[in-house]
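The lines below spell out each chain.
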Amino acid sequence: GEEAAESTAPQEGDTVSVGVAIYRFDDNFMTLYREELENYFSQLSEETGVTYELDIQDGKQDQATQTEQINNFITQGKDVMILNLVDVTAANAIINLAQEADIPIVFINREPETDDMKIWPGKTTYVGADATQSGTFQGEMIAETSNQGDINGDGQINYIMLQGDPQNVDAQQRTEFSIKALEDAGLTPNALSEPYQANWDSARGQEFTANALAQFGEDLEVVFSNNDGMAMGAIQSINSAGRTVGEDIYLVGVDAIPEAIQALNDGNLTGTVLNDHFNQAQTVVE
Ligand code: BGC
């Protein structure tokens, strides 16, 4: 609570050691996020005279590796941990260990189960974006195109979904709510396939989109991508197949990373939704 936080607030000259575990460094969005965490902590250090010592670890998309890193944070007696888990089901065990060692946790980007967040209330919290809203905006952007996503005029929106890590609520909710927005607009979405498990990864986004273009040809009207990274891969395949975004196919992503803004300006992307790494990182630090 407020009072507890005030009574233990660090003073000028103090050092606060922060263990930061990122699920994988090789991720466009989490790289921007990580950079802003570093920036904002050093800004805060300058402003307050408190030294924030960051120890940032790369989980390399492997929970066993990451659990070891977190165990090290605990052994080293970090003051606080910022955790972007590889696998949110690990949260339960990690919270119990952190509680024994009295090290509060801010979870970021990958939301643990509600039950796990009840284990140590007040000392664990989550910072993330509302992924239902990002999904809704994606669907709305398609519904707002001149032909409402129905390029061939057959009354349906034939789409594929490039899905992020299905364990991540961001992936689940964007997948669900992008399609729900089409239905809510009175349109008829038609999935040409099960969601492709592209795991937030650009290379896989490219590969699955290439396969889908080969398999469904002109029928494919909309590519929904849970993030911009995968959408950037999709652009390659769309171009190689001789298709043109905005003319005979639509493509939407999430994050608004610089590469996506560039693609928007070049006409290679129909739309993206801001996933505000800047304010999320600053909120985490605060
Ligand atoms: C972002 C993705 C990122 C993922 C990592 C999502 O919120 O949109 O770009 O890969 O988080 O967990």
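All values reported here derive from a predicted model rather than from experimental measurement. (Residues numbered from 1 in each chain as written. Predicted model: local features only at pLDDT ≥ 70, side-chain atom pairs only at ≥ 80, totals over all residues. Heavy atoms only, no water.)

Peer 1: Please explain the overall build of the chain as it appears in this structure.
Peer 2: When its secondary structure is counted, the chain shows 10 helices and 10 strands. Taken over the C-alpha trace, the chain has a radius of gyration of 21 Å; the compact-globule value for 286 residues is 19 Å, and the two agree within 12%. Principal-axis analysis of the C-alpha atoms gives the chain an extent of 65 × 35 × 30 Å. Looking at the chain as a whole, 49% of its 286 residues are labelled buried. Across the chain, the fraction of contacts at a sequence separation of at least 24, relative to all contacts at a separation of at least 6, is 70%. Accessible surface, the chain as shown: approximately 13000 Å² in total, 44% of it carbon and sulfur. (Helix = DSSP H or I, 4+ residues; strand = E, 2+ residues; numbered from the N terminus. Rg over C-alpha atoms; globule rule 2.2 N^0.38 Å. Buried < 20%, exposed > 50% of the residue type's maximum accessible area, 1.4 Å probe, protein only. Contact = heavy atoms within 4.5 Å. Areas by Shrake-Rupley, 256 points an atom, 1.4 Å probe, with all protein chains shown as cover.)

Peer 1: For this particular structure, what's the right way to read the packing of aromatic side chains?
Peer 2: Centre-to-centre distance and the angle between the planes together describe a pair of aromatic rings. For the structure on display, the rule yields four aromatic pairs. Measuring from ring centre to ring centre gives 5.7 Å for Tyr 159 and Phe 224, while their planes differ by 85 degrees; the resulting arrangement is edge-to-face. With Tyr 159 in strand 6 (residues 157-163) and Phe 224 in strand 9 (residues 222-225), the pair connects residues that are 65 residues apart, well separated along the chain. Residues Tyr 159 and Phe 224 agree in their burial class; the two are buried. On the numbers, 5.1 Å between centres and 25 degrees between planes, the contact of Tyr 196 with Phe 208 is stacked. Of this pair, Tyr 196 sits in strand 8 (residues 196-197) while Phe 208 sits in helix 7 (residues 202-216); the two residues are 12 residues apart in sequence, bridging distant segments of the chain. In this structure Tyr 196 comes out as buried when scored by relative accessible area, which is 12%. Positioned above the aromatic ring of Phe 25, the side-chain terminus of Arg 34 is 3.7 Å from the ring centre. Above the plane of the ring of Tyr 23 lies Arg 110, whose end atom (NZ or CZ) is 3.8 Å from the centre. (Phe/Tyr/Trp six-rings, centres within 6.5 Å; stacked < 30°, edge-to-face > 60°. Lys NZ or Arg CZ within 6 Å of the ring centre and 35° of its normal.)

Peer 1: Just checking my understanding: could you explain helix 7 for this structure?
Peer 2: Residue pairs three or four apart in sequence face the same way in an α-helix, which turns once every 3.6 residues. In this model, helix 7 (15 residues) spans 21 Å end to end at C-alpha, consistent with the 21 Å of a helix rising 1.5 Å per residue. Along helix 7, the residues classified as buried are Gly 205, Thr 209, Ala 212, Leu 213 and Phe 216. Buried positions in helix 7, seen along its axis, are confined to an arc of 100 degrees and lie on one side of it. Among the exposed residues of helix 7, those oriented more than 90 degrees off its buried face are Ala 214 and Gln 215. The elements touched by buried residues of helix 7 are strand 6, strand 8 and helix 8 (228-240). (Expected span 1.5 Å × (residues − 1). Arc of directions from axis to C-beta.)

Peer 1: How should I be thinking about empty space enclosed by the protein in this particular structure?
Peer 2: Take a probe with the size of a water molecule and roll it over the atoms, and the empty space left behind shows itself. In the structure shown here, the tally under the stated rule is one cavity of 30 Å³ or more. Within this model, the largest cavity holds a volume of roughly 110 Å³. Looking at the lining of the largest cavity, its residues break down into four nonpolar, four polar and five charged. (1 Å grid on protein atoms, 1.4 Å probe; cavity = no way out; pocket = protein on both sides within 12 Å on 5 of 7 lines; lining within 4 Å. Points joined across faces, edges and corners; volume = space filled by probe spheres on them. Nonpolar A, V, L, I, M, F, W, Y, C, P; charged D, E, K, R; others polar.)

Peer 1: Would you take a moment to explain the site of the ligand for this structure?
Peer 2: Lining the immediate environment of the ligand, one finds Tyr 23, Asp 27, Phe 29, Asn 109, Arg 110, Asn 168, Asp 170, Arg 174, Trp 200, Asn 227, Asp 255 and Asn 275. In this structure, an oxygen atom belonging to the ligand sits 2.5 Å away from a side-chain N or O atom of Asp 27. A distance of 3.2 Å is found between an oxygen atom of the ligand and a side-chain nitrogen or oxygen belonging to Asn 275. Across the complex, the protein chains shield 99% of the 310 Å² of accessible surface that the ligand would expose by itself. Judged by the fraction of its atoms near the pocket grid, the ligand is located in the largest cavity. Partitioning the shell around the ligand into residue classes produces three nonpolar, four polar and five charged. (Near = heavy atom within 4 Å. Polar contact = N/O pair within 3.5 Å; in protein donor to acceptor, adjacent residues only side chain to side chain. Sits in = over half its atoms within 2 Å of the grid points.)

Peer 1: Would you mind showing me how to read the pattern of salt bridges here?
Peer 2: Per the stated rule, a full pass over the model turns up nine salt bridges. Arg 24 is the salt-bridge partner of Asp 201, the closest N and O atoms lying 3.1 Å from each other. Of this pair, Asp 201 sits in the loop between strand 8 and helix 7 while Arg 24 sits in the loop between strand 1 (15-22) and helix 2 (28-48), placing them 177 residues apart in sequence. Here the two residues Asp 201 and Arg 24 agree in accessibility, since each one is buried. (Salt bridge = Lys/Arg side-chain N within 4 Å of Asp/Glu carboxyl O.)

Peer 1: Would you explain the side chain of Thr 272 in this entry?
Peer 2: Checked against the element boundaries, Thr 272 lands in the loop between helix 9 (258-265) and helix 10 (277-285). One polar contact links Thr 272 to Asp 228, side chain to side chain, over a distance of 2.8 Å. Polar contacts involving the side chain of Thr 272 include one to the main-chain amide nitrogen of Ala 256, which spans 3.2 Å. Sequence-distant contacts of Thr 272, that is, excluding residues within four places in its chain, are made with Met 141, Asp 228, Gly 253, Val 254, Asp 255, Ala 256, Ile 261 and Leu 264.

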